Amino acid sequence: MIEYQEIRNSVSKLCERFPNEYWRELEKSNGYPDDFIRVLNDEGFLSVLIPEEYGGVGLGIEAAGIILEEISRSGGHPGAFHAQMYTMGTVLRHGSEDQKARYLPKIASGELRLQAFGVTEPVAGTDTTSIRTFAENRGDHYIINGSKVWISRAEHSDLILLLARTTPAGEVKRKTEGLSVFLIDMREIVGNGLTIHPIETMMNHHTTELFFDNLKIPADCLVGEEGKGFRYILDGMNAERILISYECIGDCKFFIERAKTYASEREVFGRPIGKNQGVQFPIARSYAEMRAAELMVNEAARKFDAGEHCGEEANIAKLLASEASWKAGDTCLQTHGGYGFAKEFDIERKLRETRLYQVAPVSTNLILSYISEHVLGLPRSF
Ligand SMILES: Cc1cc2nc3c(=O)[nH]c(=O)nc-3n(C[C@H](O)[C@H](O)[C@H](O)COP(=O)(O)OP(=O)(O)OC[C@H]3O[C@@H](n4cnc5c(N)ncnc54)[C@H](O)[C@@H]3O)c2cc1C
């Protein structure tokens, strides 16, 4: 516990060196937080989940989550770099000894960036097993053709963890079979079989479309066994959901703190607006919703770190935390009146940033579907 408080304090101090103006200016120039990431790496925060034997810090998901939460709480945007924490887990759990020894120490030191995770495709969307990107096994190499969409940070990453079909969907018993995961070094292949097109979005997220045109990759890029990739990706999804839930809790805390301060200071009709219960109550409700979500996030992290099944908790945590942060943001904006819309207050920016988490990495409806089918045992709907 003390260790975690120390992590909070250190991250919070680090964030003071990168105040809200830093993130605001980055967004204006569509810039990437290289300086922030360098410091985060130098202090070991980005490699917190990598075991010590591979040069990391060797802590659990709770520690990683606290780091992201503190960055969000301070007004920063971890969406620009959080993927490294959870994509690395797939390599750690399913990669060969050679892949782990070759890549993990360099990822831990910051020499290599593993920020790109390529799953979603234009026609497949949420239905991951319908992906069409195909990697053809030619013995000592694979040839990849297809496309991906919404692949964030691809222009700011050296490596990508890619999901592709290796057996056509028509030739497998279940659609979840015949999918494989590859860890690919992108440094030499951009413009050489791989094309990256940036997509402009409502927040500074550096997301892209990828096109693979007869891309040749060595056979040793395959992670684990060919055809088992869907399971490997699923394994990493709980980590991703828990970490993003922590970010949403950080966003809640940012919004509630800002709303509380403004409501106490802003005077209208000769008294602070926070004296009116019409202003107080939405803030108090947001606090209660944040605390409830936080309990579920902590429970999901505790189970994950104990090696227990945590699908239910990770999904509910993401559902509750992403809705709580959006509502807290809306309340914060309302509390600020017109000033909530001014960019220099950072509220509208944070509100745009936190909105994503009701859609990605998995949408609210798909979480409700998971709870209906896998937790409650209701009839399968698709
Ligand atoms: C900014 C951004 C960054 C992203 N980064 C990445 C990344 O780095 N890597 C990556 O692989 N992907 C990434 N994604 C993709 C993201 O995971 C998907 O957008 C998300 O999973 C939803 O898929 P979709 O957009 O295809 O929506 P669709 O699958 O087309 O769904 C559209 C809507 O319909 C609903 N819906 C669909 N089917 C059902 C159903 N059966 N029942 C009820 N509702 C349903 C969904 O809930 C959703 O609201 C990113 C997306 C965005 C916007």
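Residues numbered from 1 in each chain as written. Predicted model: local features only at pLDDT ≥ 70, side-chain atom pairs only at ≥ 80, totals over all residues.

As recorded in an unreviewed UniProt entry, the protein goes by Acyl-CoA dehydrogenase and comes from Endozoicomonas lisbonensis. Entered under Cofactor (unreviewed entry) in the UniProt record, the comment concerning the protein runs "FAD". As recorded by UniProt, the Sequence similarities (unreviewed entry) comment attached to the protein reads in full: "Belongs to the acyl-CoA dehydrogenase family." (UniProt positions renumbered as here; feature names shortened; annotations may be inferred.)

Trainee: Please clarify how the site of the ligand should be interpreted in this entry.
Mentor: Taken together, 22 residues lie around the ligand, and Val119, Gly125, Thr126, Trp150 and Ser363 are the ones closest in. Elements that contribute at least two residues to the shell around the ligand include exactly strand 1 (116-118), strand 3 (141-152) and helix 11 (364-375). Tallied by class, residues from the shell around the ligand come to 11 nonpolar, 11 polar and no charged. Shared between two domains, the shell around the ligand holds at least three residues of each, these being domain 2 (116-227) and domain 3 (232-375). (Near = placed C-beta within 6 Å. Helix = DSSP H or I, 4+ residues; strand = E, 2+ residues; numbered from the N terminus. Nonpolar A, V, L, I, M, F, W, Y, C, P; charged D, E, K, R; others polar. Domains from an automatic or database assignment.)

Trainee: Would you explain the UniProt feature "domain: Acyl-CoA oxidase/dehydrogenase middle" (unreviewed entry) in the protein in this entry?
Mentor: The feature "domain: Acyl-CoA oxidase/dehydrogenase middle" (unreviewed entry), as given by UniProt, occupies residues 116-214 in the numbering adopted here. Its end C-alpha atoms 20 Å apart, residues 116-214 is made of 0% helix and 47% strand.

Trainee: Teacher, can you tell me more about helix 7 (residues 229-265) here?
Mentor: Under the 1.5 Å per step criterion, the end-to-end length of helix 7 is 54 Å for 37 residues, consistent within 8% with the ideal 54 Å. A bend of about 25° at Gly236 is the largest found in helix 7. Along helix 7, 29 of the 37 residues are buried, which leaves the element largely enclosed by surrounding structure. (Expected span 1.5 Å × (residues − 1). Bend = angle between axes of the 7 residues up to and from the residue. Buried ≥ 20, exposed ≤ 12 C-beta atoms within 10 Å, placed from the backbone.)

Trainee: Help me out: how do you make sense of the nonpolar core in this one?
Mentor: One broad rule of soluble globular proteins: the nonpolar side chains tend to lie buried together. Counting residues in hydrophobic clusters, the biggest one holds 100 residues, and the most contacted among them are Phe182, Ile242, Leu243, Val297 and Ala317. Of all the elements, helix 7 adds the most residues to this core, at 18 residues. Leave out the neighbours within four places in its chain, and Ala317 touches Arg241, Ile242, Ser245, Ala293, Met296, Val297 and Ala300. (Core = buried A, V, L, I, M, F, W, Y, C linked by C-beta atoms within 7 Å. Contact = placed C-beta atoms within 7 Å.)

Trainee: So what exactly am I meant to see when it comes to unusual backbone geometry here?
Mentor: Peptide bonds are mostly trans, and most non-glycine residues show a negative phi. Here the bond from Ala360 into Pro361 is cis, since omega is 0°, no more than 30 degrees from zero. Its location among the elements puts Pro361 in the loop between helix 10 (347-355) and helix 11. If you check the backbone angles, Trp150 has positive phi at about 65° while not being a glycine. Along the chain, Trp150 falls in strand 3. Taking the number of C-beta atoms within 10 Å as the measure of exposure, Trp150 has 20 and is therefore buried. For Asn214, which is not glycine, the phi dihedral falls at a positive 50°. Tracing the chain through its elements places Asn214 in strand 7 (residues 207-218).

Trainee: Help me out: how do you make sense of the domain arrangement of the protein in this one?
Mentor: Interfaces are often sized by the accessible area lost when the parts come together. In terms of domain boundaries, the protein breaks down into domain 1 (2-109), domain 2 (116-227) and domain 3 (232-375). Centre-to-centre separation of domain 1 and domain 3, based on C-alpha positions: 21 Å. Of the residues lining the interface, 27 residues belong to domain 1; the matching set on domain 3 comes to 24 residues. With 11 residues, helix 4 (residues 61-74) is the largest single contributor of residues to the side of domain 1 that touches domain 3. Its residues assigned to classes, the side of domain 1 that touches domain 3 comprises eight nonpolar, 12 polar and seven charged.

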